[in-house]
Amino acid sequence: DVDLLTVGEALVSLRSPGPLATGGTLTMHLAGAECNVAIGLARLGHRAAWAGRVSADELGEFVLRQLRAEGVGADGAHRDPDRPAGLMFLERRTADVTRVRYNRAGSAGSALNVDDLRGPLAAGARVLHLTGITPALSESAREAVTWAAREASAAGTFVSLDVNYRARLWSRAAARATLTPLAGYASVVVASADELDLVAEPGADETTAAADLLRRGVRTVLVKLGADGARAYTRDGVTEAAAVPVTAVDTVGAGDAFTAGYLSGHLDRLDLVDRLRRAVALGAFAVAAHGDWEGLPRRDELSLIAGSAAG
Ligand code: KDG
């Protein structure tokens, strides 16, 4: 058994320090929300595994090497001989504005299907982590994620869902139609405030949406508030955590780091307040460094950022 299994699309991210249209030097990085979470957990010493499809070329090899270098199990990765790697371009337009574009339609990752996940799921995991990105990629990916959530929850596995709405991939209505039922399989749902109504009634406010999720069996609803920290709703009420004040240089990946911190706390059986403290600490590490996951801490570095839940 691994501690955490996650499934999704690993992207090759090409970063430009200035406007893409003017060209110049790009740097190549691994990206993908689920990979970021897996790396966050592996850095903290948990056994994390990732499953998905990668291209059968150098870019697919790059993805696997990066995952392995970070200690993430990738035995559940399928190499797709027919489809290319999904790409993400990140251009820095101003000191604090970055713009993202995807070249991922028809990618290897988007061809994920139920059969790809049978082996990894059967191998067992304490936590199955899913995001609302993967089901937006294709019909087979949507089926695969829904199947995995249903199987894992029926087997009593702790399922985590980060809504992660991506407007470039699907409409809010399409996302709601898939993600609302998906959330019903989850033990923990993570969302930013403006994503909550994608897993509840359209237009539901935060309290109503959280209450609705708890009624449907979700144990914890986590609302990410960025620089304002986070709120957790459980049957026992609402718990708040302040963000750790740091200078933010790159917010991409912060939500994934937050989720990784929370799930690490869950695996370590911390209480809610300490799970949230670890979540906001990892969020702070992520925003204070460039890259989706490069700045995430090892366990002995947790205490580097004041206020973080060490140990
Ligand atoms: O959360 C960071 C992700 O957005 C990034 O790594 C790319 O997975 C990604 C996506 O689909 O946007």
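This report concerns the structure included in the present document. (Residues numbered from 1 in each chain as written. Predicted model: local features only at pLDDT ≥ 70, side-chain atom pairs only at ≥ 80, totals over all residues. Heavy atoms only, no water.)

## Some points on the nonpolar core
One finds Leu30, Leu41, Trp50, Leu67, Leu222, Tyr262 and Leu263 to be the most contacted residues of the largest nonpolar core, which totals 54 residues. For this core, the element with the highest residue contribution is helix H8 (residues 272–287), accounting for nine residues. Ala141, Leu161, Ala175 and Ala191 belong to the second-largest nonpolar core, a separate cluster that totals 44 residues. (Core = buried A, V, L, I, M, F, W, Y, C linked by side-chain atoms within 4.5 Å. Buried < 20%, exposed > 50% of the residue type's maximum accessible area, 1.4 Å probe, protein only. Helix = DSSP H or I, 4+ residues; strand = E, 2+ residues; numbered from the N terminus.)

## Describing the side chain of aspartate 162
With respect to the helices, strands and loops of the structure, aspartate 162 is situated in strand E9 (residues 158–162). Classification of aspartate 162 as buried rests on a relative accessible area of 0%. With near-sequence residues (within four places) excluded, aspartate 162 lies in contact with His129, Leu130, Thr131, Gly132, Val190, Lys224, Gly255, Asp256 and Thr259. (Contact = heavy atoms within 4.5 Å.)

## Here's the deal with the site of the ligand
In the region of the ligand, the neighbouring residues are Leu11, Ala31, Gly32, Ala33, Asn36, Met88, Tyr102, Arg104, Ile133, Arg166, Asp256 and Asp292. The separation between an oxygen atom of the ligand and a polar main-chain atom of alanine 33 is 2.9 Å. Take arginine 104: an N or O atom from its side chain is 2.6 Å from an oxygen atom of the ligand. For the ligand, the protein covers 94% of the area, taking 320 Å² as the surface of the free molecule. Among the cavities detected, the one that contains the ligand is the largest pocket. (Near = heavy atom within 4 Å. Polar contact = N/O pair within 3.5 Å; in protein donor to acceptor, adjacent residues only side chain to side chain. Areas by Shrake-Rupley, 256 points an atom, 1.4 Å probe, with all protein chains shown as cover. 1 Å grid on protein atoms, 1.4 Å probe; cavity = no way out; pocket = protein on both sides within 12 Å on 5 of 7 lines; lining within 4 Å. Sits in = over half its atoms within 2 Å of the grid points.)

## What about the layout of surface pockets?
Computed from the structure, the largest pocket encloses a volume of approximately 1,100 Å³. What lines the largest pocket is a set of 45 residues, among which Thr251, Val252, Gly253, Ala254 and Gly255 lie closest to the centre. Of the residues forming the lining of the largest pocket, the biggest block, five residues, is contributed by H8. Its residues placed into classes, the lining of the largest pocket shows 23 nonpolar, 11 polar and 11 charged. (Points joined across faces, edges and corners; volume = space filled by probe spheres on them. Nonpolar A, V, L, I, M, F, W, Y, C, P; charged D, E, K, R; others polar.)

## A look at the sheet that holds strand E7 (residues 97–103)
Pairing is mixed across the open sheet formed by four strands, whose spatial order is E3-E2-E6-E7. The sheet is open, and its two edges are formed by strand E3 (27–31) and E7, each paired on a single side. Pairwise comparison of adjacent strand axes, ignoring direction, gives a mean angle of 30° for this sheet. Summarising the sheet, strand E6 (residues 87–94) and E7 pair through seven bridges and their orientation is antiparallel. Directly across from threonine 94, in E7, lies its bridge partner valine 97. (Pairing = 2+ DSSP bridges. Axes fitted to C-alpha atoms, helices over the stretch in contact; angles between N-to-C directions.)

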